[in-house]
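One-letter residues, chain by chain:
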Amino acid sequence: MHKNTDTVLHYHQTTKHRLERYAKGPESIDWEDQPDAFRRFSGCKIIHLPAPGVELKPLFTDLDTPESILIQPLNRANIGLLLELSVGLSAWKQFGSSRWALRCNPSSGNLHPTEAYLISVGNDFLNTGVYHYVSHDHSLEQRCLFKGNVDETGLLIGLSSVHWREAWKYGERAYRYCQHDIGHALGALRYAAATLGWSVELLAEYSDEEIGRLLGVKREADFKRLEGESPDIICRINTQANSKPVDVNALIDRVASGTWFGTADSLRAYHLYKWPIIDTVATAASKPRTIEPQRQAVRHQPLTSSCTENATVIIRKRRSAQQFDGKMSPLPTTDFYRMLSAVLPSSAALALWRWPAKIHLFIFVHRVEGLAPGLYALPRTVAAQASLRTATLTDFDWQPISDCVQLYHLHTSDFKLTAKTLYCHQPIASDSAFSLAMVAEFSTSIETTPWLYRRLFWECGLIGQVLYLEAEAAGVRGTGIGCYFDDSVHALLGFKDNAFQSLYHFTVGKPLEDSRLQTLPAYGHLTIE
Ligand SMILES: Cc1cc2nc3c(=O)[nH]c(=O)nc-3n(C[C@H](O)[C@H](O)[C@H](O)COP(=O)(O)O)c2cc1C
């Protein structure tokens, strides 16, 4: 086995929550000492983006056929919209004197380890260079200006993670959550781009080293010790049907000779606890340059959605439910099947995913019209069904129950209490219409290619983002669940080894609002500050 695979496996085993003890995290949390959720670089030119909040015409359901959406021009206002609708603010919440921002992308514990960078090339409204997006201010910080002229035009977006921001609260398990968050942010970017008639092309070939050089996060001297960023993903934003692709290799070469500005401000919290296992796994799971075949896009239309709202409305109102109405009337079958069809690898929302699907769903149905409460499976590829069946308990009946999606009935039972227990005793797992486990083809993925550990979590996050938005579109609400007892889930399903591992969970139901919380506009502070 690859030495780095051993390291990754060790991390995975060590960071499992178990019924008898949680993965290692801080013994106490000083909420006053939370790391700044908004990174800023001092010493950079700041470019304010045009006022956020613009609504666009496309309906949420129009995003099923992205090619039908009017292509918006590439300009500063639309770049602002792209960033706002993906990683920008969606609201502020207030309780007493505490106030916190929510964003269009979710994040475990609302800690937001993901940072977004924009690379503008040959655009007359933004000098060719690298920019860091400050979601709080809806502005760009100019980190680098490239030398010389270019004859191409284009736009790239890169994502990186500040692991420590997440580890401050979650300790050793935080590295997993950072990867989920990258998947969510990628999904959020896809929906934002599609609303503008643009598309996201995941540049899957590049190494962490190359992405890091391009985004400037490898410039260690620009970051405070322990507060650095790990590069994750680079995407090309295709803004016109005939745009000439930017030569990313040439950009990576040029970035070294560019003029860099600014240093990262301290995230301010006191580093009381240190989690060296995160640095170790991050090194072992770093991505080299790879050759990635173009995926043949077999697209299908997801089942019809009853949603009539604009995509921008759905995107901005996405939230995590904190509590569900356990007495909700059953979720309509059509909404349930629509959600499942939207997470299949051939759906438009997942067209950007460059790799084969490796994540499959096991669903605890609690309250869905026409379905007996129980356990169901949705293998996301035809090929996976047989191996999932072999690996799970022999008394599961694997009865296909739908013509529209490859959904199998496994076992009829009331799983409400079980789900709640498995999900760290969280009532959101049992008071919902359904909750589900995202199960990865695990050992075969990471055996020879340890960085796929991260990719499996990204795929989970991407699926989670689709579920979040589909839940809003169906008039219900979702919540990602990172807290669950790993091996208890495996035991319930019958997994005996590492062939399959559950890496993320999700729950959907009718939300109960907390009336003590006040909701304030996303960018009200920009005019009052
Ligand atoms: C990877 C991930 C794991 C999460 N795990 C949980 C969880 O176990 N329990 C929970 O109540 N919320 C969980 N959440 C929801 C976050 O707490 C929520 O996204 C965050 O507070 C921001 O709120 P918002 O989603 O409404 O913007 C998770 C979210 C993500 C992205």
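Every chain begins its residue count from 1, and numbering advances along the sequence as written. Local features in this predicted model are restricted to residues whose pLDDT is 70 or higher, and side-chain atom pairs enter the listing and the counts only when it is 80 or higher, whereas totals over whole chains, interfaces and linings include all residues.

1. Focus on the overall build of the protein
- Working definition: helices are DSSP H or I runs of at least four residues, strands are E runs of at least two. Numbering for both runs from the N terminus. Scanning the protein from N- to C-terminus turns up 15 helices and 20 strands.
- Here the C-alpha atoms of the protein give a radius of gyration of 22 Å, agreeing with the 24 Å that 2.2 N^0.38 yields for 529 residues.
- Principal-axis analysis of the C-alpha atoms places the extent of the protein at approximately 65 × 55 × 50 Å.
- To sort residues by burial, count the other C-beta atoms lying within 10 Å of each one's C-beta; a count of 20 or more means buried, 12 or fewer means exposed, and anything in between means partly exposed. C-beta atoms are built from the backbone. Residues counted as buried form 52% of the 529 residues belonging to the protein.
- Considering only intrachain contacts with a sequence separation of at least 6, the fraction spanning at least 24 residues in the protein is 82%. Atoms counted for the radius of gyration: C-alpha only. Globule rule: 2.2 Å times the number of residues to the power 0.38. Contact between residues is assigned whenever the C-beta positions, reconstructed from backbone atoms, fall within 7 Å.

2. A closer look at unusual backbone geometry
- Despite not being glycine, Leu226 has its phi angle at roughly 70°, a positive value.
- Here the phi dihedral of Trp398 falls at roughly 50°; this positive angle occurs in a residue that is not glycine.
- The topology assignment puts Trp398 in the loop between helix 10 (384-391) and strand 15 (399-400).

3. Some points on the domain arrangement of the protein
- An automatic or database domain assignment supplies the start and end points of every domain. Annotation of the protein at the domain level lists domain 1 (3-284) and domain 2 (320-509).
- One C-alpha centre belongs to domain 1, the other to domain 2; they are set 26 Å apart.
- With 31 residues of domain 1 at the interface, the matching set in domain 2 holds 33 residues.
- Listing elements by their share of the side of domain 1 that touches domain 2, those giving two or more residues are helix 1 (3-14), helix 4 (174-195) and strand 9 (199-202).
- For this classification, the nonpolar set comprises Ala, Val, Leu, Ile, Met, Phe, Trp, Tyr, Cys and Pro, the charged set comprises Asp, Glu, Lys and Arg, and every other residue, Gly included, is treated as polar. Of the residues that constitute the side of domain 1 that touches domain 2, the class distribution is 15 nonpolar, nine polar and seven charged.

4. So, the environment of Arg380
- Structurally, the position occupied by Arg380 is in the loop between strand 14 (374-378) and helix 10.
- Its 25 C-beta neighbours within 10 Å are what place Arg380 among the buried residues.
- Sequence separation between Arg380 and Gln179 is 201 residues, and the spatial gap between their C-alpha atoms is 21 Å.
- Apart from the residues lying within four places of it in its own chain, the contact partners of Arg380 are Leu344, Pro345, Ala357, Ile359 and His360.

5. Considering the site of the ligand
- All residues are tested the same way: a C-beta atom is placed from the backbone, and lying within 6 Å of a molecule or strand makes the residue near it. Of all residues adjacent to the ligand, which total 20 residues, the nearest are Pro106, His180, Ser320, Gly480 and Gly482.
- Secondary-structure elements contributing two or more residues to the shell around the ligand are strand 4 (98-103), helix 4 and strand 18 (477-481).
- Per-element accounting of the shell around the ligand gives the leading share, four residues, to helix 4.
- Tallied by class, the residues present in the shell around the ligand amount to six nonpolar, 11 polar and three charged.
- Counting contributing residues, the shell around the ligand receives three or more from each of domain 1 (3-284) and domain 2 (320-509).

6. Regarding helix 2 (residues 76-87)
- Over its 12 residues, helix 2 runs 16 Å from end to end, which matches the ideal 16 Å to within 8%, given 1.5 Å per residue.
- Counting buried positions over the 12 residues of helix 2 gives 10, a clear majority of the element.
- Every buried residue belonging to helix 2 is among Asn78, Ile79, Gly80, Leu81, Leu82, Leu83, Glu84, Leu85, Ser86 and Val87, and all of these are buried.
- Structurally, helix 2 contributes buried residues whose contacts are with strand 4, strand 5 (114-121), strand 6 (129-134), helix 4, strand 10 (230-238) and helix 8 (311-317). For a helix, the expected span equals 1.5 Å multiplied by the number of residues minus one.

7. Focus on the pairing of strand 7 (residues 139-145)
- Counting buried positions over the seven residues of strand 7 gives five, a clear majority of the element.
- Examined bridge by bridge, strand 2 (residues 45-48) and strand 7 share four bridges and lie antiparallel to one another. Within strand 7, the residue paired with Ile46 across the bridge is Glu141.
- The sheet contact formed by strand 6 and strand 7 spans six bridges and is antiparallel. Residue pairing for strand 7: Val130 is matched across the bridge by Cys144.
- Between any two strands, pairing holds if DSSP finds at least two bridges. Linking strand 6 to strand 7, which pair antiparallel, is a turn of four residues; within it His138 sits at a positive phi near 50°.
- The pairing of strand 7 with strand 11 (residues 259-260) spans two bridges and is classified as antiparallel. By the bridge assignment for strand 11, Leu145 is matched with Thr259.

8. A closer look at the environment of Leu350
- Relative to the assigned elements, Leu350 resides in the loop between helix 9 (333-342) and strand 13 (359-365).
- The buried category is assigned to Leu350, around which 21 C-beta atoms lie within 10 Å.
- Linking Leu350 and Ile463, residues 113 residues apart in sequence, is a C-alpha distance of 8.1 Å.
- In this view, Leu350 contacts Pro345 and Leu462; residues no more than four positions away in its chain are not counted.

9. Some details on the packing of helix 5 (residues 208-215) against helix 6 (residues 248-255)
- Convention adopted: a line fitted to C-alpha atoms gives each axis, helices being fitted over their contacting stretch, and angles between N-to-C directions are expressed from 0 to 180 degrees. Between helix 5 and helix 6, the shortest axis-to-axis distance is 9 Å and the interhelical angle comes to 60°. Relative to helix 6, helix 5 is oriented oblique. When you trace helix 5 past helix 6, the crossing you get is left-handed. For the pair helix 5 and helix 6, contact is made by Glu210, Arg213 and Leu214 and by Leu251, Ile252 and Val255, respectively. Orientation categories follow fixed angle ranges, with anything under 35 degrees roughly parallel, anything over 145 roughly antiparallel, 65 to 115 roughly perpendicular, and all other angles oblique. For any pair of crossing helices, the crossing counts as left-handed if the nearer helix is rotated counterclockwise from the farther one by less than a right angle, and right-handed if it is rotated clockwise.

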